[in-house]
Amino acid sequence: MAISDAFHIYDTTLRDGAQQEGLNLSVHDKLTIARHLDDLGVGFIEGGWPGANPKDTEFFKLATKELKLKNATFVAFGATRRANTKAADDVLLRALAESGAPVVTLVAKSHDRHVELALKTDLQENLAMIKDSIKFLRQGGQRVFLDAEHFFDGYRANPAYALEVVRVAAEAGADVIALCDTNGGMLPDELSDVVAKVISDSSARIGIHCHNDTGCAIANSLAAVAAGASHVQGTLNGYGERTGNADLISIIANLQLKKKQEVLPAGALEEAFRIAHAVAEVTNVSPSARQPYVGVSAFAHKAGLHASAIKVDPSLYQHENPESVGNDMRMLVSEMAGRASIEIKSSQL
Ligand SMILES: [Zn+2]
């Protein structure tokens, strides 16, 4: 079933998620995970950086031949052209154009200090790099999204320049400008204010890309959506560098179950538990029992007092029906159990 383009669920498990310490994916692993992501019904799967990484080049070659995606669109990731060169002469940009991916996400600097210190160029040249790179890929018929790296830190330091990056990218033909909390240091209130200001300043479609360094990646993503972002990026099980990226499963479940916003094909959310664990099998990273919605403890009850209420009505001690995400209620029997715990447990056996 085709997914509406009005709201994007964008998965970057295979690129940003793979930057998690101790997580290593073969080309075969990446193909398997892509199939699971497509089953979950995400709109976009970012596959990696063809041209920059031989494994990703190989992955795109195989994916375009072997993967028959029913829901998702494949995305290649890369960077804007190098400073003081032509986009058409940039080997990495050409590899993106030749990747076979219908969508390319380009990462670009939006924080003035990063342009000068990390990219070692001037602010005007960075804008030209963004404009030329987007136009080059658009001319080849690809859809282009822009990841505005360090956007929130950049906005704090130099809001006019950060907004100029959004304006230039939209004018050059980028369909989405994803505001990235690259260092993951934001809190929901300030992030929400910045997203609202960007949206009031621009008619571009705004996206959000959060890291979890403050423990707020999911909350920040939801705050951005509430402020008007219509493209949300994350990873399965919150995989990612340092403390991880925003967990796409929690974002999706919160949008669908709490906000009544249908972002997956009908019936797909019930596959979340199965898919989260199937992907964990491939990554070889032990799933967290306490992961919201899909952890094995997410609907497990130990206290006897809770069990006696659950016996009357499970919603008294559960925020959602576990079956909505394909999980189960479990009754734990311990020294804290009461009569109801034993009754429920025995009826389950
Ligand atoms: Zn990131």
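On a predicted model such as this, the values are computed, not experimentally measured, just so you know.

Quick notes on the rules
Residues numbered from 1 in each chain as written. Predicted model: local features only at pLDDT ≥ 70, side-chain atom pairs only at ≥ 80, totals over all residues. Heavy atoms only, no water. Pairing = 2+ DSSP bridges. Helix = DSSP H or I, 4+ residues; strand = E, 2+ residues; numbered from the N terminus. Axes fitted to C-alpha atoms, helices over the stretch in contact; angles between N-to-C directions. Contact = heavy atoms within 4.5 Å. Domains from an automatic or database assignment. Buried area = accessible area lost by both parts, 1.4 Å probe. Core = buried A, V, L, I, M, F, W, Y, C linked by side-chain atoms within 4.5 Å. Buried < 20%, exposed > 50% of the residue type's maximum accessible area, 1.4 Å probe, protein only. Donors = N, O, S within 2.8 Å, 3.2 Å for Na, K, Ca; no water. Arc of directions from axis to C-beta. Parallel < 35°, antiparallel > 145°, perpendicular 65-115°, else oblique. Left-handed = near helix turned anticlockwise from the far one by under 90°. Nonpolar A, V, L, I, M, F, W, Y, C, P; charged D, E, K, R; others polar.

Once that is clear, we can look at the sheet that holds strand 1 (residues 8-11). In space, the eight strands of this closed barrel follow the order 1-2-3-4-5-6-7-8, with parallel pairing throughout. The sheet shows a mean angle of 25° between the axes of neighbouring strands, taken without regard to direction. The sheet contact formed by strand 7 (residues 205-210) and strand 8 (residues 231-234) spans three bridges and is parallel. Following the sheet pairing, G207 is matched in strand 8 by H231. Sitting on the sheet, helix 7 (residues 159-172) is in contact with strand 4 (103-109), strand 5 (143-149), strand 6 (176-181) and strand 7, with an inclination near 150° to strand 6.

Along its sequence, the protein is carved into domain 1 (8-283) and domain 2 (300-348). Using only C-alpha atoms to locate each centre, domain 1 and domain 2 end up separated by 39 Å. Contacts between the two partners involve seven residues from domain 1, matched on the other side by seven residues from domain 2. In total, about 600 Å² of surface goes out of reach between domain 1 and domain 2, with carbon and sulfur atoms giving 55% of it. Interface area lost by domain 1 to domain 2 is led by L257, K258 and F273, which between them contribute 66%.

This part covers the nonpolar core. Ranked by internal contacts, the top residues of the largest apolar core, which has 91 residues, are L146, F151 and I177. For this core, the leading source of residues is helix 7, giving eight residues. What F151 contacts, discounting residues up to four positions off in sequence, is S110, A162, V166, L179, C180, V194 and V198.

Of the protein atoms, only D16 (OD), H209 (NE2) and H211 (NE2) coordinate the zinc ion, at distances of 2.0 to 2.1 Å. When the donor residues of the zinc ion are listed from N- to C-terminus, their spacing reads D-x192-H-x1-H. Of this pair, D16 sits in the loop between strand 1 and helix 1 (27-40) while H209 is found in strand 7, placing the two residues 193 residues apart along the sequence. The pair D16 / H209 is uniform in exposure class, with both members buried.

Here we come to helix 13 (residues 339-348). Among the residues of helix 13, those classed as buried are A340, S341 and I344. Each buried residue of helix 13 lies within a common arc of 105° when the element is viewed along its axis, so the set occupies one face. Tucked into the core, helix 13 has its buried residues touching helix 12 (304-312) and strand 10 (330-331).

What follows concerns the packing of helix 12 against helix 13. Interaxial distance between helix 12 and helix 13 falls to 7 Å at its minimum, and their mutual angle equals 55°. Classified by the angle their axes make, helix 12 and helix 13 are oblique. Every pair of crossing elements has a handedness; the one defined by helix 12 and helix 13 is left-handed. On helix 13, the residues that touch G304, A307, S308, I310 and K311 of helix 12 are A340, S341, E343 and I344. Its residues assigned to classes, the contact of helix 12 with helix 13 comprises four nonpolar, three polar and two charged.

This brings us to the pairing of strand 6. Buried residues dominate strand 6, accounting for six of its six residues. By the alternation rule, side chains of strand 6 split into V176, A178 and C180 and I177, L179 and D181, which are all buried. Summarising the sheet, strand 5 and strand 6 pair through four bridges and their orientation is parallel. Looking across to strand 6, one finds that D147 is bridged to A178. Here six bridges tie strand 6 to strand 7, and the two strands are oriented parallel to one another. Within strand 7, the residue paired with D181 across the bridge is C210.

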